[in-house]
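Chain by chain, the residues:
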Amino acid sequence: MEAPTNNTLYINNVNEKIKQAELKKSLYAIFSQFGQIVDIVALNNVKMRGQAFVVFKEVRFATEAMRAMQGFPFYDKAMRIAYAKSKSDAIAKVEGTYVERPKVSRGEKRKAEEEAIQTRLAKKRVEAVSAAAPVMMAPPVIPQAAPVQQAPVQVAPAQPAVELPNKILFITQLPEEANEMMVKMLFNQYPGFKEVRLVPGRHDIAFVEFESEANAGAARSSLNNFKITPTNAISVAYAKK
């Protein structure tokens, strides 16, 4: 029998070689696009290796995340995701229903509340995929009765759609702790992903290549200004040809 819907997702089949700190950062990077995350629990003890819990502020965020990320290749292993069987302590504290257990987990739980981030829904990715190609191919539209001085206003925004699209994206403003795997997991969710290329000596920039300009455009539309950590919003642009 499946567990009822829950703010908390239980994730297993996680690569056990990943260190706790890196695992939490990577989970935040790929799940925060679905909505505000309240807590991430990943313990180092033998019993909990290869498992983690991601707690969302709302059940609908957890539901969308589970549907979109089920089977996602996370550090070379396909994640298995389900609703947690019980409510997390973080949510219980917010609701005022928390009851302290007789046995405390000795500081293994992080503080409940993390800085709020903008809600990103999975459907934004779907909309970006369907809209990317038409946007890039659309010619500039000039109203028939527009006065002469309005022509540049209409034509100028169309220039990037004609000249700038590229199957390679240029990523800037990456946090210091970002690594190739973290960036790969973020962009690997989008169709046509090929590879990530980091720049030696620069932790804050990277290049991501897709199979086509349309694929790259979909990822760019969805992830530009995305908060990869609670305080770092990345910038995603087309690389110059």
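Calculation notes
Along each chain, residues carry numbers from 1 onward, in the same order as the chain's sequence is written. In keeping with the predicted nature of the model, local features appear solely for residues at pLDDT of at least 70, side-chain atom pairs appear and are counted solely at 80 or more, and the whole-chain, interface and lining totals rest on all residues. Neither water nor hydrogens contribute to the side-chain values; these are computed over all heavy atoms in the structure. Think of it this way: any DSSP run of H or I at least four residues long counts as a helix, any run of E at least two long counts as a strand, and we number them from the N terminus. Per-residue accessibility, obtained with a 1.4 Å probe over protein chains only, is compared with the maximum for each type, and a residue is labelled buried under 20%, exposed over 50%, and partly exposed between these values. In this description, contact between two residues means that some pair of their heavy atoms is separated by no more than 4.5 Å. The Shrake-Rupley method, run with a 1.4 Å probe, gives the accessible areas here. Residue values count only the displayed protein chains as cover. Polar contacts, as used here, are pairs of N or O atoms within 3.5 Å; protein pairs need one atom able to donate a hydrogen and one able to accept it. Residues neighboring in sequence count only if both atoms are side-chain atoms. Among buried residues, the Ala, Val, Leu, Ile, Met, Phe, Trp, Tyr and Cys ones that are joined through side-chain atoms within 4.5 Å form a nonpolar core. Think of it this way: a Phe, Tyr or Trp ring, Trp meaning its six-membered ring, pairs with another when their centres are within 6.5 Å, and the plane angle makes it stacked under 30 degrees, edge-to-face over 60, tilted otherwise. Pairing between two strands is assigned when DSSP locates at least 2 bridges connecting them. Note on geometry: axes are lines fitted to C-alpha atoms, helical ones only across the stretch in contact, with angles between N-to-C directions running from 0 to 180 degrees. Think of a salt bridge as a Lys or Arg side-chain nitrogen and an Asp or Glu carboxyl oxygen that are within 4 Å of each other.

Looking only at helices and strands, the protein has eight helices and 12 strands in total. For the protein, the residues scored as buried account for 43% of the 241 residues in total. Counting contacts in the protein only where the partners sit at least 6 residues apart, residues at least 24 apart contribute 71% of the total. Surface accessibility of the protein: about 13800 Å² in total, with carbon and sulfur atoms responsible for 53%.

Looking at helix 7 (residues 180-187), one finds that the buried residues are Met182, Val183, Met185, Leu186 and Phe187. For helix 7, the N-terminal cap is asparagine 179; the gap from its side-chain oxygen to the backbone nitrogen of methionine 181 is 3.2 Å.

Okay, the nonpolar core next. One finds Leu9, Phe31, Phe56, Phe74 and Met79 to be the most contacted residues of the largest nonpolar core, which totals 28 residues. Listing elements by their share of this core, those giving two or more residues are strand 1 (8-12), helix 1 (20-31), strand 2 (37-41), strand 3 (51-56), helix 2 (59-69) and strand 6 (80-83). Counting 23 residues, the second-largest nonpolar core is a separate cluster that includes Phe193, Val196, Val236 and Tyr238.

Per the counting criterion, the structure on display carries five aromatic pairs. The interplanar angle of 80 degrees and the centroid separation of 4.9 Å between the aromatic rings of phenylalanine 74 and tyrosine 75 together place this pair among those described as edge-to-face. Residue phenylalanine 74 is classed as buried on the basis of its relative accessible area of 1%.

All buried positions along helix 2 are accounted for by Phe61, Ala62, Thr63, Ala65, Met66 and Met69. Elements that come into contact with the buried residues of helix 2 comprise strand 1, helix 1, strand 3 and strand 6. One or two residues past the end of helix 2 sits glycine 71, with phi positive at roughly 80 degrees.

Time to look at the sheet that holds strand 8 (residues 193-199). Taken in spatial order, the four strands line up as 8-9-7-12 in an open sheet, and their pairing is antiparallel. Only two strands of the sheet have a single partner each, and these edge strands are strand 8 and strand 12 (235-238). Going across the sheet, the axis of each strand differs from the next one's by a mean of 25 degrees, ignoring polarity. Of the strands in this sheet, strand 7 (168-172), strand 8, strand 9 (202-210) and strand 12 touch helix 7, which is tilted by about 150 degrees from strand 8.

Okay, the pairing of strand 6 next. On a regular strand, each side chain points to the face opposite its neighbour's, so the side chains alternate between the two faces of the sheet. Burial along strand 6 is one-sided: Ile81 and Tyr83 are buried, and none of Arg80 and Ala82, which face the opposite way, are. Two strands pair when backbone bridges link them, and strand 1 and strand 6 are joined in this way by four bridges, in the antiparallel orientation. Paired with asparagine 12 across the two strands is arginine 80, which belongs to strand 6.

Pairing within the open sheet is antiparallel, and its four strands lie in the order 2-3-1-6. Each edge of the sheet is formed by a strand with only one pairing partner; in this case those strands are strand 2 and strand 6. On average, each strand axis in the sheet is inclined to that of its neighbour by 20 degrees, with strand direction left out of account. Across five bridges, strand 1 lies against strand 3 in antiparallel orientation. Each bridged residue has a counterpart across the sheet, and for asparagine 12 the counterpart in strand 3 is glutamine 51. Packing against the sheet, helix 1 makes contact with strand 1, strand 2, strand 3 and strand 6, and its axis sits at approximately 145 degrees to strand 2.

As a further point, take the pattern of salt bridges. Inspection of every chain in the model, using the stated rule, returns six salt bridges. In this structure, glutamate 209 and lysine 167 form a salt bridge, with 3.9 Å as the shortest nitrogen-oxygen distance. Residue glutamate 209 is found in strand 9, and its partner lysine 167 is found in the loop between helix 6 (159-163) and strand 7; the two are separated by 42 residues along the sequence. Since its relative accessible area comes to 9%, glutamate 209 is described here as buried. A salt bridge links lysine 194 to glutamate 209, with the nearest nitrogen and oxygen atoms 3.6 Å apart. Remark: glutamate 209 occurs in strand 9 and lysine 194 occurs in strand 8; sequence separation between them is 15 residues. A cluster of three or more residues bridged by salt bridges with shared partners is formed by Lys167, Lys194, Glu195, Arg197 and Glu209.

Attention now goes to unusual backbone geometry. Located in the positive-phi region is tyrosine 75, a residue other than glycine, with phi close to 50 degrees. One non-glycine residue, aspartate 76, lies in positive phi territory at about 70 degrees. Tracing the backbone through its elements, the reader meets aspartate 76 in the loop between strand 4 (73-74) and strand 5 (77-78).

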